[in-house]
Amino acid sequence: MKDPDLLLEDEVYEISFPKNDPLARQAIKALKLVPGAACYENAVVADFVRDDVSKATGLDFICTLEHVLSENSAAMGDSFNDFSMIEHAKTGFTFPDADQKLKEIADFEAQSVGEALLKLMDNRD
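These lines cover the structure that appears in this document, whether it is placed above or below. Everything quoted here is computed from the prediction, not taken from an experiment.

Here's the deal with the overall build of the protein chain
Logical step 1: A tally of helices and strands in the protein chain yields five helices and six strands.
Logical step 2: Listing each helix as α and each strand as β along the protein chain from the N terminus yields β-α-β-β-α-β-α-β-α-β-α.
Logical step 3: Of the contacts made within the protein chain by residues no fewer than 6 positions apart, 37% connect residues no fewer than 24 positions apart.
Logical step 4: Put simply, the protein chain shows about 8,300 Å² of open surface, and 54% of that area lies on carbon and sulfur atoms.

Quick word on the pattern of salt bridges
Logical step 1: Across all of its chains, the model carries four salt bridges by this definition.
Logical step 2: Glu41 serves as the salt-bridge partner of Lys19, at 3.0 Å between the closest nitrogen and oxygen. Taken together, the residues Lys19 in the loop between β1 (15-18) and α1 (22-31) and Glu41 in strand β2 (residues 37-41) connect sequence positions 22 residues apart.
Logical step 3: Residue classification places Lys19 among the partly exposed positions, given a relative accessible area of 25%.
Logical step 4: Judged by relative accessible area, which is 25%, Glu41 ranks as partly exposed.
Logical step 5: Here Asp52 and Arg50 are joined by a salt bridge, their closest N and O atoms 3.0 Å apart.
Logical step 6: Given the relative accessible area of 16%, Arg50 is considered buried.
Logical step 7: Each member of the salt-bridge network shares a partner with another, and the members are Lys19, Lys32 and Glu41.

Let's talk about helix α2 (residues 55-65)
Logical step 1: Those residues of α2 that fall on the buried side of the exposure criterion are Ala56, Leu59 and Cys63. Mapping the buried residues of α2 onto a view down its axis gives an arc of 55°, with all of them on the same face. The exposed residues of α2 that point more than 90 degrees off its buried face are Phe61, Thr64 and Leu65.
Logical step 2: Where α2 is buried, its residues meet β4 (74-77) and α3 (83-88).
Logical step 3: Two residues or fewer after α2 comes His67, characterised by a positive phi angle close to 60°.

Describing the sheet that holds β2
Logical step 1: If you trace the three strands from one edge of the open sheet to the other, you get β1-β3-β2, paired in antiparallel fashion. A strand with exactly one partner marks an edge of an open sheet, and here the two such strands are β1 and β2. Within the sheet, the average angular offset between the axes of one strand and its neighbour, ignoring direction, is 20°.
Logical step 2: Looking at chain direction, β1 and strand β3 (residues 45-50) are connected through four bridges and run antiparallel. Within β3, the position partnered with Ser16 by the bridge is Asp47.

Calculation notes
- Residues numbered from 1 in each chain as written.
- Predicted model: local features only at pLDDT ≥ 70, side-chain atom pairs only at ≥ 80, totals over all residues.
- Heavy atoms only, no water.
- Helix = DSSP H or I, 4+ residues; strand = E, 2+ residues; numbered from the N terminus.
- Contact = heavy atoms within 4.5 Å.
- Areas by Shrake-Rupley, 256 points an atom, 1.4 Å probe, with all protein chains shown as cover.
- Salt bridge = Lys/Arg side-chain N within 4 Å of Asp/Glu carboxyl O.
- Buried < 20%, exposed > 50% of the residue type's maximum accessible area, 1.4 Å probe, protein only.
- Arc of directions from axis to C-beta.
- Pairing = 2+ DSSP bridges.
- Axes fitted to C-alpha atoms, helices over the stretch in contact; angles between N-to-C directions.

So yeah, pure geometry; function would need other evidence.
Structure below.
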């Protein structure tokens, strides 16, 4: 990427870099300095988005699109870029091998998406 400001264009939603690549580490360092950008890092990749875009805003978009109240939403994730979405959802799931900080905000841990769906179906009103 020759111009880090491209991250803030409307057409770009996310840029991900593998953290073990030397060129990627240089790009990560440069992008962290871009005003209006947010970085979510885990052990393998660094994800950059506009700071007004997150998986929580994506969850709201899907709820609106599908005519679902956000208080009826559920989300599942395993990495730091999932933090806002899991925190924002009515019911948040994570996996047993997720980072401890993510486990602390999730309502449940599940081995799979299928297990999470079964849990949701068992707890329907």
